[in-house]
Amino acid sequence: MVENRGKLMWASFLTLIAAGMGFGVRTGTLAEWAKQFGFTQVELGTITGGGLTGFGVVILIASLVIDRIGYKAVLLLAFLLHVLSVGITLAATPVYAAMGKDATYQCLFWGIFIFAIANGLCEAVINPLIANIYPERKTHYLNILHAGWPAGLILGGIVGYLFLGANAAATQLRWEIVLGLYLLPAIWYGLIVLKEHFPESDVKKAGISFGQMLAEFASPILLFLLVLHACVGYVELGTDSWITNITETLTGNGFLLFIYTSAIMFVLRFFAGPIVERINPLGLLCISTV
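A brief report on the enclosed structure follows. (Residues numbered from 1 in each chain as written. Predicted model: local features only at pLDDT ≥ 70, side-chain atom pairs only at ≥ 80, totals over all residues. Heavy atoms only, no water.)

### Section: the overall build of the protein chain
Helices and strands together make up the secondary structure of the protein chain, namely 16 helices and 0 strands. What you see for the protein chain is a C-alpha radius of gyration of 19 Å, in line with the 19 Å of a compact globule of 290 residues. Taken along its principal axes, the extent of the C-alpha atoms in the protein chain is 55 × 40 × 35 Å. Burial statistics for the protein chain: of 290 residues in total, 45% are counted as buried. In the protein chain, of all internal contacts separated by at least 6 residues, the share reaching a separation of at least 24 is 82%. Carbon and sulfur atoms provide 72% of the accessible area of the protein chain, an area that totals close to 14,600 Å². (Helix = DSSP H or I, 4+ residues; strand = E, 2+ residues; numbered from the N terminus. Rg over C-alpha atoms; globule rule 2.2 N^0.38 Å. Buried < 20%, exposed > 50% of the residue type's maximum accessible area, 1.4 Å probe, protein only. Contact = heavy atoms within 4.5 Å. Areas by Shrake-Rupley, 256 points an atom, 1.4 Å probe, with all protein chains shown as cover.)

### Examining the environment of Gly24
In this fold, Gly24 is placed in helix 1 (residues 5-37). Under the relative-accessibility criterion, Gly24 is labelled buried at 0%. Note: C-alpha distance between Gly24 and Leu284 (260 residues apart in sequence) is 26 Å. Dropping the residues within four chain positions of it, Gly24 is found in contact with Leu153, Gly156, Phe255 and Phe258.

### A short note on a nonpolar patch on the surface
Side chains of Val57, Leu60, Ile61, Phe217, Leu222, Leu223 and Leu226 sit close together on the surface and give an oily, nonpolar patch of about 560 Å² of accessible area. Contributing elements (two or more residues each) for the nonpolar patch: helix 2 (41-69) and helix 12 (220-240). Among the structural elements, Val57 can be located in helix 2. Its relative accessible area of 45% is what places Val57 among the partly exposed residues. (Patch = residues over 30% accessible without salt bridge, like charges linked within 9 Å, V, L, I, M, F, W, Y side chains within 5 Å. Salt bridge = Lys/Arg side-chain N within 4 Å of Asp/Glu carboxyl O.)

Taken by themselves, the reported measurements are silent on function.
This is the structure we're talking about:
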């Protein structure tokens, strides 16, 4: 048993909270960016789209090298990119004043793109890491781990509801302050990763070669599941990027419905372990699809 696995689990959970908070707050900043910088809906869509593209691609690439580099190095890189993404994104306002709209577009696009790369690196590490340190109940702890994503969405939704935009429930703050709050969980997981020891990957411990791993990846079943998962991600993340704007006219404040749906996801993920153990993963996938 890995002695510090509780701390590694918490660090992994915090990476998803940071990702969820950044994503959740950003759903409400689109309207602010349109007002402040004059972006059209198409331009805002391509900015957020950069955040989705980088996320998917980097998971595939990072998964090929993590066994050689190690979990710790990749998570430290992810932490540095999370910090860098905040700096680039928050520079949008002074860049707009000095260089105009086009430069601001590039600033926001690359800030979000780097944020997505950081999230992708975290995802590529934390899934095999948790399966590694909790071999006795992998599915249960992986479900608990991924409750971190909706937990971050809830936190992001709450701070957005309270402090973002003209309809802020508490007081309106600059979008830069609200968006920068996802640095708090990012710094927290970064400190844990810096101090803790990480185990070798299951692949490295088993002595599986790079060629063998690629051969397994080329399995038709695995590739088919990869395509299906990409479709699910497109529906979830693509829609969620705009959901607060879409539901604004229905609720008066789009963050409220966003928080509600994220809370449902959090509860179901956190307590999904016993359900999966009773009906198996494929049965749960079938029920969810229906």
